[in-house]
Structures are given as C-alpha cells and as structure tokens.
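# Notes for the structure review
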Amino acid sequence: MTALEGGVGQGLGYLLFLAVLCGWSWSLQRRVVHPALRSAMQGTALLLFFWIALRALQFLAAFNLPMARDRWQAYRLMQTAALRGMDVVSWLIFALLPWLDLLILRVSSQPLDAPPPDRALTLHLTVSLALWLAAVLPPAAGAKKILVGWIALSTLCFAAGLIKNAASPARARRAAAPIAILVAFALYVWLYFVKRPAWLPGGGFIFAAAVAVFIFWESCLRSGVLPCNSRYEELFALAPARMWIEDERGTTVYRARLAPPRPGADAPPGTQRRSWPLRGGSVLWEEDVSALLALQEELRELTRERERGNRLLAQRNRIRGRLLELRWQNRLCAEVERRMQDKIEAARRLLAAVPERPAEAERETVRRALARLGVLICAVKRKSHLFLKSKQSNRLPLAEIMQAAMESARCAAQTGVECAPFCAESGSVPARTGMLVYNLFEEALESCLTAAPASLLMRLRRSGGELELRLVIESSQPPDEAALLPPPLRDTLRRLGGTYRLERDEESLYATCRLPLAPPGKEALP
C-alpha cells in the first residue's frame with residue numbers, strides 16, 4: 001500500500017467518524033430527557049467534532065503534493081503552524097474533557113429543575129484554562145507536567161464519583177462496562193506515552209482518544225448509568241392506555257400501540273382526552289369514561305326524579321298550607337263571632353224593634369234606634385278589626401285604638417252623643433290591654449246612648465309602667481257602675497291586674513282605669 005492510499009483511508013475514517021458524531025448529537029436530543037445533561041453531552045460531542053475536524057484538515061493539508069513540490073518553504077511553514085495549532089487545541093481539549101466529565105456526572109444525579117452547577121465546577125474550569133495557558137506558552141516548560149497531573153487527578157475524581165454513584169450491586173453491574181472502557185483508555189495512554197511498544201501505531205492518538213470518549217459515553221447511556229430513554233419507546237408502546245407524548249412543536253415523539261398515529265380533533269364516543277404539560281412538550285391520553293358517563297346519567301335521572309318528587313311535595317305543602325290557612329281563618333271568624341255575640345244580639349233586638357211602617361210620631365224614635373244600631377254595627381266592625389290585628393303580633397298600636405274610637409264617636413254623634421277621644425302618644429300596647437281599653441270605651445259610649453243628649457270625653461295615656469284610661473261623662477242621667485263595667489269586663493280587668501275607680505259630682509261622672517303594661521315577652525294571648 002502506498003502512502004497516498006493510506007492517507008485516503010485515514011481521511012475517510014475521519015469523515016466517517018464526523019458523520020457518526022453528527023448522528024450521535026442528533027440522537028442525544030431524542031434520547032436524553034434531562035436538559036442540563038443533554039446540553040453537557042452535546043457540548044462534548046461538539047468538542048470532539050471540532051477536534052476531529054481540525055485533525056482531518058491538518059491531515060488533508062499534509063497531502064498537498066503540488067504545494068510541496070512547487071513551494072516547499074510555504075508548505076513547510078504551513079505544516080509547522082498546523083502542528084503547533086493542533087498541539088495548542090489538543091491540550092485545550094485535554095483540559096476541557098475532564099471538566100465536562102465532572103459536569104455530566106454532577107447534573108446526571110440532580111432533578112430536572114435543579115439550579116446551575118455550583119462554584120466548584122467553575123473553579124475547576126478556571127484552573128484548567130489557567131494551566132492550559134501556562135502549558136502552551138513557550139517560557140513555561142514545566143507547566144505541561146502540571147497540566148497532565150491536573151488532568152489525571154480530575155479523571156481519578158471522575159472515576160471515584162462514577163463508582164460512588166454505582167454503589168449498589170445492580171448499578172455496579174451496569175457501570176462495569178463504562179469503568180472497563182475508562183481503565184482500557186488509561187492503559188492505552190500509559191502505553192502510548194511511556195512504553196511506546198512497537199506494535200502500537202504512533203499517529204492515531206487523537207483519533208483513538210476521540211473514539212474512546214465517544215464509546216465511553218455511549219456505553220454510559222446504554223448501560224443506564226446516565227438517565228436515558230433509548231429503550232423507552234418500546235416500553236411506552238406497550239402501555240395499555242391510548243397515550244401520546246408530543247414535543248413543543250406538536251410532533252408526536254412516543255405513541256402507544258392502542259393509540260392512533262396522531263390524536264384527532266375529537267375523542268371517540270365514551271372517551272375523554274386530557275393533557276398535561278411537560279418540559280419541552282406535553283403528554284396526552286384518552287380515558288374510557290363510559291362507566292362514568294353512565295353513572296352521571298343515572299345521577300341525572302335520580303336528580304330529575306327527586307326534583308319531580310320535590311315539586312309534588314311542594315305542591316302538596318302549598319295545598320296543606322292553604323287548608324291550614326283556611327282553617328285558621330275559620331277559627332278566627334268563629335272566635336270573632338263568639339266574642340261579638342252579645343253585640344250582634346243587641347243589634348238584632350234593635351232591628352226587630354224597628355217597625356216596618358213607623359207613624360209620624362215614631363220617626364224620631366226610629367231614627368234614634370237606627371243610630372244606636374249603627375253604633376253597635378260599628379263596634380262589631382272595629383272590635384273584629386282590632387281582634388284580628390292583635391292576632392298578628394300580640395300587640396295593638398295606640399293609633400289603631402284611637403282610630404276605632406273616633407269612628408265609633410262619629411256614629412254616636414247621630415244619636416246626640418258628643419264624643420271626643422284623645423291620645424297624644426304613639427307606640428303599641430299588649431293586645432289584651434288594648435282590647436279591654438276599647439271595650440271599656442264602647443261600654444261607656446253605649447251607656448250614653450240611652451241617656452242622650454250626653455257628652456263623653458276619653459283620654460288615653462301612659463303613666464309610668466301603666467296605661468291610663470280616663471272617661472268623663474256628662475248627662476242628665478249618668479250610668480251606674482254596672483253599666484260601665486259589666487261582669488265579663490270586671491273579670492278581665494282583675495286577671496290583668498288593673499284598677500277601676502268611679503267619681504261623681506253634680507252632673508259629671510269620672511271613670512279612671514289603670515292597666516299594667518306587661519313586658520312583650522310575657523304577654524298573654526288575647
């Protein structure tokens with residue numbers, strides 16, 4: 001084989017290895033899920049690519065035979081500069097590779113959202129670059145030995161960290177291949193620079209170092225020492241769910257075998273499509289919710305039945321409420337009729353005593369009887385109103401009592417009785433107290449009807465904790481105490497703890513009634 005044929009073979013080997021590095025860098029984008037680890041490994045691949053590309057250019061420039069024949073001095077200067085530049089770049093890569101190894105080892109054991117590397121790695125990079133600058137400068141002759149020692153120490157630290165991470169037996173078996181490759185490369189370096197056996201080729205160290213680094217990291221990915229999803233695609237395809245994993249551009253990266261090639265716009269009937277964001281993409285899956293939908297339909301049917309039952313129950317309650325209201329109103333009407341029975345009977349007797357065709361001499365008597373009948377009917381109406389009003393809150397406003405008294409006074413004016421009710425206060429009183437006050441006033445007014453013409457003055461006021469009713473009657477025939485205070489009213493007055501006093505002079509009768517105002521919480525029902 002001629003030298004030219006050997007050079008062509010080495011050049012093709014360089015180009016092939018560059019293509020492998022390009023494919024490996026592209027595969028790292030898909031296989032390594034850890035972003036910091038992926039960036040560090042792609043940086044290693046880029047560094048190796050740059051190193052081999054420069055070596056390939058240097059190698060191709062050495063076979064420029066026309067330039068070597070025609071311009072030997074230029075060719076010689078070019079080769080000298082290329083050798084010097086390659087030496088500087090090689091020492092730089094030798095200094096950076098241990099730092100990248102330690103960086104990859106550090107980030108591979110951290111979570112995805114871990115902070116950037118600490119100051120120790122930054123300090124290591126600074127020391128490595130400083131030693132490299134000292135090694136490539138011509139005055140520093142012994143700096144290369146220090147840099148070699150620093151690289152060897154960093155490699156030992158990296159190997160110790162790798163062994164520490166593989167402390168468990170299962171992980172130790174996985175890390176056996178990378179550690180074996182690292183030991184073999186160290187042995188190769190020792191043989192190349194120290195022993196230099198005859199069977200070891202002398203010009204392929206850079207290519208061998210790059211290939212060793214590539215094989216070492218690929219073995220770490222294959223053995224599982226570094227987090228990698230190289231074989232997760234087959235495992236994900238066996239998932240029993242209809243799932244996809246898409247990148248940030250919406251391209252499907254992984255897909256289960258039960259799932260269609262791409263998620264459609266609408267989920268199939270009985271399923272629900274859901275998604276969850278991931279770093280760099282999202283995961284989508286379809287859930288079988290047919291049982292849940294059936295349960296929801298059953299719940300909706302139960303809800304509709306319950307609503308129908310509630311409507312029927314509400315309608316039944318409204319009917320029952322209406323019946324109870326009617327019964328209550330009937331009871332109230334019966335109670336009003338029972339309480340007004342004496343007034344109603346008196347009105348019936350007056351109406352029966354009125355002749356159908358009165359004589360001329362009886363017209364005044366009939367008029368007075370009809371006026372008395374109006375007073376009784378007004379009393380029945382006003383007492384019924386006050387009774388129903390008292391049933392609402394067990395209280396009677398003083399204004400309602402005075403309005404009833406004034407209406408009765410207007411009716412009594414037709415019979416010749418002048419009546420003047422007066423009350424300067426407001427508020428309310430207990431219902432039984434208010435009803436008794438109005439009954440006393442009505443009894444006094446009806447007593448004046450039989451002795452007309454007469455006048456009745458009524459004054460109602462509060463006096464301390466009592467309600468005072470004062471009546472002044474002026475008539476030619478003043479009524480007696482039995483007419484003003486019948487036995488039912490006397491019994492009611494005694495039960496309420498009130499007092500009643502009559503005083504007379506020549507033409508007037510003074511009646512004073514005092515009733516205690518009970519606290520609202522202790523009032524008796526009327």
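Please refer to the structure placed before this passage.
Here is what the cut-offs are and how they apply
Sequence order as written defines the numbering, with residues in each chain counted from 1. The predicted origin of the model limits local features to residues at a pLDDT of at least 70 and limits the giving and counting of side-chain atom pairs to 80 or more, whereas totals for whole chains, interfaces and linings rest on all residues. Derived side-chain values reflect all non-hydrogen atoms in the structure, with water molecules and hydrogen atoms excluded from consideration. Pairing of aromatic side chains here covers Phe, Tyr and the six-membered ring of Trp, requires ring centres within 6.5 Å, and sorts the geometry by plane angle: under 30 degrees stacked, over 60 edge-to-face, intermediate tilted. Secondary structure elements follow DSSP: runs of H or I no shorter than four residues count as helices, runs of E no shorter than two count as strands, and numbering proceeds from the N terminus. Residue exposure (1.4 Å probe, protein chains only): buried if accessible area is under 20% of the type maximum, exposed if over 50%, otherwise partly exposed. For this analysis, a salt bridge means a side-chain nitrogen from Lys or Arg found within 4 Å of a carboxyl oxygen belonging to Asp or Glu. Multiplying 1.5 Å by the residue count of a helix minus one yields the expected span of that helix. Whether two residues are in contact is decided by their heavy atoms: any pair within 4.5 Å suffices. The charge count treats Lys and Arg as positive and Asp and Glu as negative. His and the chain ends do not count. Pairing between strands is defined by DSSP: at least two bridges between the two strands are required. Between the N-to-C directions of two axes lies an angle of 0 to 180 degrees, each axis being a line fitted to C-alpha atoms and, for a helix, fitted only over the stretch in contact. Each angle gets one of four labels, with under 35 degrees taken as roughly parallel, over 145 as roughly antiparallel, 65 to 115 as roughly perpendicular, and the rest as oblique. Put simply, a crossing is left-handed when the front helix is turned counterclockwise from the back one by less than a right angle, and right-handed when it is turned clockwise. The patches reported here contain residues having more than 30% relative accessible area and no salt bridge. Joining distances are 9 Å for like charges and 5 Å for nonpolar side chains (Val, Leu, Ile, Met, Phe, Trp, Tyr). Computed with a 1.4 Å probe, the accessible areas rest on the Shrake-Rupley method; for each residue, only the protein chains presented here act as cover. We call a set of buried residues a nonpolar core when its members are Ala, Val, Leu, Ile, Met, Phe, Trp, Tyr or Cys and they connect through side-chain atoms within 4.5 Å of each other. Taking the helix axis as origin, the arc is that swept by the directions to the C-beta atoms.

### Quick notes on the packing of aromatic side chains
Across all of its chains, the model carries 15 aromatic pairs by this definition. Their ring planes at 70 degrees and their centres at 5.7 Å tell us that Phe-158 and Phe-216 sit as a pair that is edge-to-face. Taken as a pair, Phe-158 in helix H6 (residues 143-165) and Phe-216 in helix H9 (residues 205-223) lie far apart in primary sequence, 58 residues in all. As far as burial versus exposure is concerned, Phe-158 and Phe-216 are alike and both buried. Ring geometry for Tyr-192 versus Phe-205: centroids 4.9 Å apart, planes at 25 degrees, classification stacked. Residue Tyr-192 is located in helix H8 (residues 176-195), and its partner Phe-205 is located in helix H9; the two are separated by 13 residues in the primary sequence. By relative accessible area, which is 8% here, Tyr-192 ends up buried.

### Considerations on the pattern of salt bridges
The final tally for this structure, using the stated rule, is 15 salt bridges. A salt bridge links Glu-468 to Arg-459, with the shortest nitrogen-to-oxygen separation between them at 3.8 Å. Arg-459 gets classed as partly exposed once you look at its relative accessible area, which sits at 35%. Glu-503 is paired through a salt bridge with Arg-501; the nearest N and O atoms lie 3.4 Å apart.

### Here's the deal with helix H5 (residues 119-136)
For H5, with 18 residues, the first-to-last C-alpha span of 26 Å sits near the 26 Å given by 1.5 Å per residue. Considering only its buried residues, H5 is in contact with helix H4 (72-108) and H6.

### A few points about the side chain of Asp-101
Its place among the elements puts Asp-101 in helix H4. Here Asp-101 is buried and forms no salt bridge, its nearest opposite-charge partner Arg-106 lying at an N-O distance of 13 Å. Not counting residues within four places of it along the chain, the set of residues in contact with Asp-101 comprises Phe-158 and Trp-217.

### A look at the pairing of strand E8 (residues 454-463)
Bridge count between strand E6 (residues 417-422) and E8: six bridges; the pairing is parallel. Among the inter-strand pairings, Val-417 is bridged to a residue of E8, identified as Ala-454. In terms of strand pairing, E8 meets strand E9 (residues 466-475) through 10 bridges, oriented antiparallel. Residue Leu-460 lies in a different strand from E9, and its bridge partner there is Leu-469. Linking E8 back to E9 in an antiparallel pair, the connection comprises two residues, with Gly-464 at a positive phi of about 70 degrees.

### Comments concerning the packing of H4 against H6
Orientation of H4 relative to H6, taken along the N-to-C sense of each, is 25 degrees, at an axis distance of 9 Å. As far as their axial angle goes, H6 and H4 are roughly parallel. When the axes of H4 and H6 are compared, the crossing they make is left-handed. Residues Asp-87, Trp-91, Phe-94, Ala-95, Pro-98, Asp-101, Leu-102 and Leu-105 of H4 form the contact with H6, whose participating residues are Lys-144, Leu-147, Val-148, Ile-151, Ser-154, Cys-157, Phe-158, Gly-161, Leu-162 and Asn-165.

### Here we look at a nonpolar patch on the surface
Together, Leu-187, Trp-190, Phe-193 and Val-194 make up an exposed nonpolar region whose accessible area comes to about 430 Å². When its relative accessible area of 41% is taken as the criterion, Trp-190 is described as partly exposed.

### Regarding the nonpolar core
Counting 62 residues, the largest nonpolar core has Trp-24, Met-41, Trp-51, Trp-217, Leu-221 and Leu-226 as its most contacted members. At 15 residues, the largest contribution of residues to this core is made by H4. Leave out the neighbours within four places in its chain, and Leu-221 touches Trp-24, Leu-28, Arg-31, Val-32, Met-41, Leu-226 and Cys-228. Counting 42 residues, the second-largest nonpolar core is a separate cluster that includes Phe-387, Ala-405, Tyr-438 and Leu-469.

### Concerning the sheet that holds E8
The strands making up a sheet associate through hydrogen bonds between their backbones, and the pairing can be parallel or antiparallel. On the basis of which strands lie adjacent, the open sheet formed by five strands has the order E6-E8-E9-E11-E10 and mixed pairing. Looking along the sheet, the strands with just one partner apiece sit at the ends: E6 and strand E10 (499-504). Averaged over neighbouring strand pairs, the angle between their axes works out to 15 degrees when direction is ignored. Across nine bridges, the pairing between E9 and strand E11 (residues 508-516) is antiparallel. Residue pairing in the sheet places Val-472 in a bridge with Tyr-510 of E11. Of the strands in this sheet, E6, E8, E9, E10 and E11 touch helix H15 (residues 431-449), which is tilted by about 5 degrees from E9.

### Looking at helix H17 (residues 487-495)
Those residues of H17 that sit buried are Leu-489, Thr-492 and Leu-493. Angular distribution of buried residues about the axis of H17 spans 100 degrees; they occupy a single face of the element. Away from its buried face, by an angle of more than 90 degrees, H17 presents the exposed residues Pro-487, Arg-494 and Arg-495. Residues of H17 that are buried sit in contact with H15, E10 and E11.

### What to know about the pairing of strand E2 (residues 252-255)
Sheet topology note: the strand E1 (residues 242-247)/E2 ladder contains three bridges and is antiparallel. Residue Glu-246 lies in a different strand from E2, and its bridge partner there is Thr-252. Connecting E1 to the antiparallel partner E2 that follows it, the hairpin turn spans four residues, and Gly-250 within it adopts a positive phi of roughly 85 degrees.

Purely geometric numbers; function is a separate question.
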